[in-house]
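Architecture at a glance
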Amino acid sequence: MYTVYSYVTYLLVSLMLTAWVGRTLYTRGRVFLVDAFAGNEAVADSVNHLLVVGFYLINVGYVTLALKYGDKPANMQQAFEFLSTKVGLVLAILGIMHFINVLALTSYRRRMHRTHLEYREQAPFPPMST
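Cut-offs used in this document
Residues numbered from 1 in each chain as written. Predicted model: local features only at pLDDT ≥ 70, side-chain atom pairs only at ≥ 80, totals over all residues. Heavy atoms only, no water. Patch = residues over 30% accessible without salt bridge, like charges linked within 9 Å, V, L, I, M, F, W, Y side chains within 5 Å. Areas by Shrake-Rupley, 256 points an atom, 1.4 Å probe, with all protein chains shown as cover. Salt bridge = Lys/Arg side-chain N within 4 Å of Asp/Glu carboxyl O. Helix = DSSP H or I, 4+ residues; strand = E, 2+ residues; numbered from the N terminus. Buried < 20%, exposed > 50% of the residue type's maximum accessible area, 1.4 Å probe, protein only. Phe/Tyr/Trp six-rings, centres within 6.5 Å; stacked < 30°, edge-to-face > 60°. Axes fitted to C-alpha atoms, helices over the stretch in contact; angles between N-to-C directions. Parallel < 35°, antiparallel > 145°, perpendicular 65-115°, else oblique. Left-handed = near helix turned anticlockwise from the far one by under 90°. Nonpolar A, V, L, I, M, F, W, Y, C, P; charged D, E, K, R; others polar. Core = buried A, V, L, I, M, F, W, Y, C linked by side-chain atoms within 4.5 Å. Contact = heavy atoms within 4.5 Å. pLDDT = per-residue confidence, 0-100.

The grouping of M1, V4, Y5, V8, L12 and M16 at the surface amounts to a nonpolar patch, some 680 Å² of accessible area in total. By secondary structure assignment, the location of V8 is in helix α1 (residues 2–36). Residue V8 is classed as partly exposed on the basis of its relative accessible area of 45%.

Structural data, given as structure tokens:
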């Protein structure tokens, strides 16, 4: 019976954490993406949505696959250990994915700003010769 309760608790906690993190990334990340895409809100919103969908697919996929692996709890202590291990792995994966996304988007943002500055430094028209 501990196994069933542990599974249900694990699924509820993991999916709620995934939804909370995904929603937070979606709402708070928009400003960052708009800046990274030089104010193009349509592209930023589209990329934001695609990133969140990918985030949900990876995390929900991992949560459901990880349910099968590991020792099955036979008592209350093992149930808590089961839950802490499983939820801890979900949190670690969420953190790693977030860190990788931030690094990738920061790199892209720097390149976009560098390109934008180089473009602005160029003269709008070539000098006229007389």
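The rest of the description comes next.
Enumeration over the complete set of coordinates arrives at four aromatic pairs. When the ring of Y7 is compared with that of F82, the centres are 5.7 Å apart and the planes differ by 45°; the resulting orientation is tilted. Of this pair, Y7 sits in helix α1 while F82 sits in helix α3 (residues 76–121), and the two are 75 residues apart along the sequence.

At a minimum axis distance of 9 Å, the contact between α1 and helix α2 (residues 41–66) shows a crossing angle of 160°. Taken together, the axes of α1 and α2 lie roughly antiparallel to each other. Read as a crossing pair, α1 and α2 show a hand that is right-handed. Residues of the contact of α1 with α2, tallied by class, amount to 19 nonpolar, six polar and four charged.

Moving on, we come to the nonpolar core. Among the nonpolar cores identified, the biggest contains 12 residues, and these are Y10, V21, F55, V63, A66, L67, F82, L83, V87, V90, L94 and M97. Looking at this core, the elements with two or more residues in it are α1, α2 and α3. Top contributing element to this core by residue count: α3, with six residues. Excluding residues within four positions of it along the chain, M97 makes contact with F55, I58 and N59. The next biggest cluster of nonpolar side chains, apart from the first, holds five residues, and it includes L33, V34, F37 and L105.

Here we come to the confidence of the model for the protein. Mean pLDDT for the protein: 84, with 88% of residues reaching 70 or above. At the level of individual helices and strands, the protein shows its lowest average pLDDT in α3, which scores 82, and its highest in α2, which scores 91.

Turning to unusual backbone geometry, a few remarks are in order. One non-glycine residue, A38, lies in positive phi territory at about 55°. For A38, the position within the fold is in the loop between α1 and α2. Classification of A38 by relative accessible area gives exposed; the value is 61%.

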